[in-house]
Every structure is written in structure tokens, then in C-alpha cells.
Amino acid sequence: MAARATPARVRIAADGSDAARGRLTRAGRAPIGDIATGAGCAGTPPCQSSPTRAPPWRRAHPRRPSPSVPSACTGTDLLPVEANLPAVNAATLCLVNRGRAAHGLGALADQPQLDQAALRHGQDMIARSYFDHQGPAGDTPFTRIRDSGFIPAGATSFEVGENIAWGTGVQATPSQIVAAWIASPEHLANILDANYVYSGISVEPSVPAALSAGSLGATVTQDFGVASGS
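(A) View of the nonpolar core. Residues Val96, Leu108, Trp181 and Val203 are the most contacted members of the largest nonpolar core, which totals 20 residues. Counting only elements with at least two residues in this core, the list comes to helix H1 (85-101), helix H4 (174-182), strand E6 (198-204) and strand E7 (217-227). In terms of residue count, the dominant contributor to this core is H1 (six residues).

Written as C-alpha cells, this is what we have:
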């Protein structure tokens, strides 16, 4: 019996990357949301969002050696399932780093605390069936990354940001998720932020129930950061 095809959709949202420099305190939170654009979002793939952005907190940071970028990324067309998540995570970071390399930027290094912040958010979006940078409890990329311990106590400078996406069917593969981010100026701004040194990625092999219409897919969170002492 032939496999039954299902519509593939992707939605993305970004938080971070343009605002006040040299301030460690929060400058206020801008509205964060994910607004579907185009009538085709009801069913014609791909469905993308027009994200809003919140101010980050940043100033000059010392540069650190960047990891090398492979000449080719493997696993980029994997459909995420529990058994292959390490390979999917690695493929997603590899594609992001190749995008940075194409613009003369160093590769981001995987960072365990950012991984935990991304995982926390990805799992929460699935458990509570929503898609947004701000959780129902009021948590934001900044608070999740702060609570992970990534920002050292007494840090004098830091910058953090976040990209999220969900997709169903073939749009859930690393190649399609990263392509959607790169095609969006807001998400690309996070990917190409020269200050960032570290990344944390979470891929959940499912989509918030309110959005999936029963289709299989994945929800992806990538957190970005740099901090003095990190």
C-alpha cells in the first residue's frame, strides 16, 4: 500500500538582535508573537510567519576560537524521530554554521546550558500546545537562558537570542527548517549576528496539538548567546 501523503507546513519565529548596547538590565519587553501571513497558511505549504522581536542586552564581547565547519552536512533530510534526534540536532547546527561561513562568520559551538534552555522551551511548547517565544508562565528567551546558568553571576556583558520553528511532513527536516529561517530577515539576523559564539538546539519530534492537525512533524528551538565568563 502506498504511503498516504499529508500537507507539509512550517512556521517560524525569531526573538533578538537589534537594540540597546552596553546595558545589562532589561530595557522592557516588546510584544512577542507569531502572525501568519498569506491566505495559503490554511493549507498550502509552506506556511511562514511574520515575527516580532524583543530587545537583547549587549555590548562588546571578547572573541573566542570558532569550531571548524564541515565541507558538507550529513542528516539534513532526516525526518525527526526520537531515535535520530542527536543527528538531527547536529545537522541543524551544521546548516546554520554553513550559513554563517558563507558570510565570513565563525561557527557557533554547541553549549550544554543553551541546549537545556532550548529543550525546556521546546518541551513546554509541546506540553502546553502553543508556539511563541513567551511561555504561558511569562518566561522569555532571556529568563530561560539566565535560569540555565549560561549567564555567569556578575556578568558585565551578554547577548542572547532565539529562533523557533515547527514543520510537518518534509518541512520538518533540518534542511527545510534552516532554509525557512534563512529566508526570513528576522531569523537570518540572529543567525548572522557576529557577536554570538554559542548555540543550543532542541528538536522535539512532534508539533503542538493545536497546530498540527494530526500531522507528524517537529518543533525546533535554537538559542544563541555570548556572555563574559561563559
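(B) Geometry of the packing of H1 against H4. Contact geometry for H1 and H4: axes closest at 9 Å, N-to-C directions at 35°. Crossing of H1 against H4: the hand is right-handed. Here Val88, Ala91, Thr92, Leu95 and Val96 of H1 lie close against H4, whose contacting residues are Pro174, Ser175, Val178 and Trp181. Partitioning the contact of H1 with H4 into residue classes produces seven nonpolar, two polar and no charged.

(C) Just the packing of aromatic side chains, in detail. Going through the model one piece at a time under the given rule, you end up with three aromatic pairs. Ring centres of Phe142 and Phe158 lie 5.7 Å apart, and the angle between their planes is 15°; this geometry places the pair in the stacked category. One end of the pair, Phe142, is in helix H3 (residues 141-147); the other, Phe158, is in strand E5 (residues 158-168), and 16 residues separate them in sequence. As far as the burial class goes, Phe142 and Phe158 line up, both buried. Aromatic side chains Phe150 and Tyr198 sit 6.2 Å apart centroid to centroid with 80° between the ring planes, which places their arrangement in the edge-to-face category. Pair noted here: Phe150 is in the loop between H3 and E5 and Tyr198 is in strand E6, with a separation of 48 residues, a long-range link. Assigned by exposure class, Phe150 and Tyr198 land together as buried.

(D) Structural context of helix H2 (residues 112-128). Taking 1.5 Å per residue as the helical rise, H2 with its 17 residues ought to reach 24 Å, and the 24 Å between its terminal C-alpha atoms agrees with that figure. Those residues of H2 that fall on the buried side of the exposure criterion are Leu114, Asp115, Ala117, Ala118, His121, Gly122, Asp124 and Met125. Here the buried face of H2 lies against strand E4 (109-110), H3, E5, E6 and E7. For H2, the N-terminal capping position is held by Gln111, with its side-chain oxygen 2.7 Å away from the main-chain nitrogen of Gln113. Looking one or two places after H2, you find Ser129, whose phi comes out positive at around 55°.

(E) Looking closely at the side chain of Asn84. Relative to the helices and strands, Asn84 is located in the loop between strand E3 (49-51) and H1. Sequence-distant contacts of Asn84, defined by excluding residues within four places in its chain, comprise Leu78 and Leu79.

(F) A look at the environment of Asp110. With respect to the helices and strands, Asp110 occurs in strand E4. Judged by relative accessible area, Asp110 falls into the partly exposed class, the value being 47%. Beyond its immediate sequence surroundings of up to four residues, Asp110 is in contact with Leu93, Asp115, Ser199 and Gly200.

Calculation notes
Residues numbered from 1 in each chain as written. Predicted model: local features only at pLDDT ≥ 70, side-chain atom pairs only at ≥ 80, totals over all residues. Heavy atoms only, no water. Core = buried A, V, L, I, M, F, W, Y, C linked by side-chain atoms within 4.5 Å. Buried < 20%, exposed > 50% of the residue type's maximum accessible area, 1.4 Å probe, protein only. Helix = DSSP H or I, 4+ residues; strand = E, 2+ residues; numbered from the N terminus. Axes fitted to C-alpha atoms, helices over the stretch in contact; angles between N-to-C directions. Left-handed = near helix turned anticlockwise from the far one by under 90°. Contact = heavy atoms within 4.5 Å. Nonpolar A, V, L, I, M, F, W, Y, C, P; charged D, E, K, R; others polar. Phe/Tyr/Trp six-rings, centres within 6.5 Å; stacked < 30°, edge-to-face > 60°. Expected span 1.5 Å × (residues − 1). Polar contact = N/O pair within 3.5 Å; in protein donor to acceptor, adjacent residues only side chain to side chain.

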